[in-house]
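Residue strings, one per chain:
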Amino acid sequence: MSGTAKKRVFVTREIPSDALKLLKSKFEVEVWPEETPPPKNILIEKVKVVDGLCCLLTDKIDAEVINAAGEQLKGISQIAVGYDNIDLEAATKRGIYVTNTPGVLTDTTADYAFALLMATARRIAEADRYVRDGRWKIPWGLMMMLGQDVWGKTIGIIGMGRIGTAMARRAKGFNMKILYYDVARNEAAEKELGAEYVDLETLLKESDFVSIHVPLLPSTRHLINEERLKLMKKTACLINTSRGPVVDEKALYKALKEGWIWAAGLDVWEKEPTDPDNPLLKLDNVTASPHIASASYETRTRMAIMAAENMIAILEGRVPPNLVNKEVLKVRPPEK
Ligand code: NAD
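Source: prediction; values computed, not measured. (Residues numbered from 1 in each chain as written. Predicted model: local features only at pLDDT ≥ 70, side-chain atom pairs only at ≥ 80, totals over all residues. Heavy atoms only, no water.)

1. Here's the deal with the overall build of the protein
Part 1: From N to C terminus, the protein includes 13 helices and twelve strands.
Part 2: In summary, the protein has a C-alpha radius of gyration of 22 Å against a globular reference of 20 Å for 336 residues, a match within 12%.
Part 3: With the C-alpha coordinates of the protein rotated into their principal frame, the extents come out at 80 × 45 × 30 Å.
Part 4: Among the 336 residues that make up the protein, the fraction classed as buried is 50%.
Part 5: A sequence separation of at least 24 residues applies to 60% of the contacts in the protein between residues at least 6 apart.
Part 6: Split by element, the accessible area of the protein, about 16700 Å² in all, is 54% carbon and sulfur.
Part 7: Of the side chains in the protein, 47 bear a positive and 46 a negative charge, and the two mean positions are spaced by 1 Å. (Helix = DSSP H or I, 4+ residues; strand = E, 2+ residues; numbered from the N terminus. Rg over C-alpha atoms; globule rule 2.2 N^0.38 Å. Buried < 20%, exposed > 50% of the residue type's maximum accessible area, 1.4 Å probe, protein only. Contact = heavy atoms within 4.5 Å. Areas by Shrake-Rupley, 256 points an atom, 1.4 Å probe, with all protein chains shown as cover. Lys, Arg positive; Asp, Glu negative; His and termini not counted. Charge placed at Lys NZ, Arg CZ, Asp CG, Glu CD.)

What follows is the structure in structure tokens.
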């Protein structure tokens, strides 16, 4: 009779109700009620008893948490496309399936990346502060708050994957020349968008806007460092909606303060939440946001439903649609 007992899933934050309903239709579900991530001791306590863990990128699922899991833990379903917070190797060794939510957030994230690019180029956040602070004294100034044109300029995309390609589509609508750098050629994007594959040095030297869309990996940590920032144009804008540690913030501060580049738009930070006294926030040529590139009502629901579907597949013994650690199939083959 024990086979009829419902499997248990721990969800580390409130999720959209449609996704929760879906999970509850199959499993006994417990949701962490706080807005902040459950502390490590709670994660450890839960993975000892639950069959599935549904988590966010701010939950650190490291080897200590994974190795504390009981034999019954079969899956970790992340509600995000990036999964640098999860120790994949440790999960694979334990036969735990790890899934993510690719694709459903691509266009929403690219919309935001392009909005951040526009806001940075045309000083929108700074202009908003200017008006609210009562600093607007002359009715119209020929030389007031001048920005950079976007249309017709050159954009350099670092990481021409799903979101990078969607960003390039938006840039094409603004008649921009598109350069890209990636570890792999993307011939489909070259054909569709006329994107030109170049090395990173050329991209940095020739682009008016550099937009980052790589995952955080050992090879991409501080990919944008002092030496590379020095290659960029003095009038260039750097846009980062990927992961904070891809950019060396100390070097970026120097670059912005000393005018090696013109401005930066940052949705992601080396440490999140970033410190309110992060020196970057004292600079008017930084447009800042709190990691919200995928934050639309529709997309967050799509992401959570996809994560629920991944979890259902795992706990029903199938290969989930968005399995990240494919090698796990050798360690623990699917039942179906
Ligand atoms: P993707 O896998 O489709 O694309 C990533 C691209 O980066 C691939 O083409 C890959 O070949 C390339 N790449 C990998 N390592 C590289 C390297 N060392 N140098 C150059 N290129 C490299 O992923 P995606 O769906 O486009 O998402 C990209 C990233 O965006 C995610 O990993 C995530 O970290 C981030 N993201 C952030 C937000 C946000 O809210 N700010 C939202 C969604 C995704």
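2. Quick notes on helix H11 (residues 249-257)
Part 1: Those residues of H11 that fall on the buried side of the exposure criterion are Glu 249, Ala 251, Leu 252, Ala 255 and Leu 256. The arc that holds the buried residues of H11, viewed along the axis, is 155°, so those residues lie on one side. Across H11 from its buried face, at more than 90 degrees, point the exposed residues Lys 250 and Lys 257.
Part 2: Its side-chain oxygen placed 3.1 Å from the backbone nitrogen of Lys 250, Asp 248 serves as the N-cap of H11.
Part 3: Of the residues one or two after H11, Gly 259 is the one with positive phi, at around 75°. (Arc of directions from axis to C-beta. Polar contact = N/O pair within 3.5 Å; in protein donor to acceptor, adjacent residues only side chain to side chain.)

3. Remarks on unusual backbone geometry
Part 1: Here Glu 272 and Pro 273 are connected by a cis peptide whose omega angle stands at -5°.
Part 2: Take Pro 273: it is sitting in the loop between strand S11 (263-266) and strand S12 (286-288).
Part 3: The phi dihedral of Met 145 is positive, around 50°, even though this residue is not glycine.
Part 4: You can see Met 145 is positioned in the loop between helix H6 (124-132) and strand S6 (154-158).

4. Remarks on the pattern of salt bridges
Part 1: Scanning the entire structure with this criterion turns up 22 salt bridges.
Part 2: A salt bridge links Arg 132 to Asp 128, with the shortest nitrogen-to-oxygen separation between them at 2.6 Å. With Arg 132 and Asp 128 both in helix H6 and four residues apart, this pair spans about one turn of that helix.
Part 3: Residue classification places Arg 132 among the exposed residues on the basis of a relative accessible area of 65%.
Part 4: Across the salt bridge formed by Glu 201 and Lys 205, the nearest N and O atoms sit 2.9 Å from each other. Placement of both Glu 201 and Lys 205 in helix H9 (residues 200-206) is noted, with a separation of four residues, approximately one turn of the helix.
Part 5: Here Glu 201 falls in the partly exposed class, since its relative accessible area comes to 42%.
Part 6: Using a relative accessible area of 42% as the deciding quantity, one classes Lys 205 as partly exposed.
Part 7: Linked by salt bridges that have partners in common, Lys 26, Glu 316 and Arg 318 make up one network. (Salt bridge = Lys/Arg side-chain N within 4 Å of Asp/Glu carboxyl O.)

5. Observations regarding the domain arrangement of the protein
Part 1: Assigned domains of the protein: these are domain 1 (8-103 + 297-331) and domain 2 (106-288).
Part 2: With centres defined by C-alpha atoms, the gap from domain 1 to domain 2 works out at 32 Å.
Part 3: Each partner contributes to the interface: domain 1 provides eight residues, whereas domain 2 provides five residues.
Part 4: Carbon and sulfur atoms make up 45% of the area that domain 1 and domain 2 hide from each other, which totals about 590 Å².
Part 5: Between domain 1 and domain 2 we count one salt bridge in total.
Part 6: Across the pair Asp 84 and Arg 243 runs a salt bridge whose closest N-O atoms are separated by 3.0 Å.
Part 7: Applying the counting rule to domain 1 against domain 2 returns three residue pairs in polar contact (both at pLDDT 80 or more). (Domains from an automatic or database assignment. Buried area = accessible area lost by both parts, 1.4 Å probe.)

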